[in-house]
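Breakdown of the fold
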Amino acid sequence: MNLHTRIDAFAKSEPAIGPQLMALKWLGNTGSHDSIVSKTDLLDAFEILEHSLREIIDGHSAKVAALAKKLTKKHGGK
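An account of the accompanying structure is given in this report. Keep in mind that what you see is a predicted model, and the values were worked out from it rather than measured. (Residues numbered from 1 in each chain as written. Predicted model: local features only at pLDDT ≥ 70, side-chain atom pairs only at ≥ 80, totals over all residues. Heavy atoms only, no water.)

Turning our eyes to something else, we now look at the overall build of the protein. Summing up its helical and strand segments, the protein has four helices and zero strands in all. Secondary structure of the protein in N-to-C order comes out as α-α-α-α. Relative to the 2.2 N^0.38 estimate, which gives 12 Å for 78 residues, the radius of gyration of the protein is 17 Å and therefore markedly larger than a compact globule would have. The dimensions of the protein, computed from C-alpha atoms along their principal axes, are 60 × 30 × 20 Å. Residues counted as buried form 15% of the 78 residues belonging to the protein. The long-range share in the protein, meaning contacts at least 24 apart out of those at least 6 apart in sequence, stands at 33%. By element, 62% of the accessible surface of the protein is carried by carbon and sulfur atoms, the whole surface being about 6,200 Å². (Helix = DSSP H or I, 4+ residues; strand = E, 2+ residues; numbered from the N terminus. Rg over C-alpha atoms; globule rule 2.2 N^0.38 Å. Buried < 20%, exposed > 50% of the residue type's maximum accessible area, 1.4 Å probe, protein only. Contact = heavy atoms within 4.5 Å. Areas by Shrake-Rupley, 256 points an atom, 1.4 Å probe, with all protein chains shown as cover.)

Here we come to the nonpolar core. When a protein is soluble and globular, its nonpolar side chains tend to lie buried together. With seven residues, the main nonpolar core is built from Ile7, Ile17, Leu21, Met22, Leu24, Leu27 and Ala45. Among the elements that line this core, the one with the most residues is helix 2 (residues 18-34), at four residues. (Core = buried A, V, L, I, M, F, W, Y, C linked by side-chain atoms within 4.5 Å.)

Here it is as structure tokens:
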């Protein structure tokens, strides 16, 4: 399976992260095959990579969503 297909398959189980990984793949393709990648694009890619890995490893968004749900349940509608 090539990288594109693997990212598509991963995106089915992780729809929030799949497009982020695909953006990194496209940037890699540009740098490898087409032209020079700007420093700004590279720094953006590092930020996307850091966020994606944090989500995959730590599930930070899910934790924050659970905290928000807990607070809403406790304090909402008063």
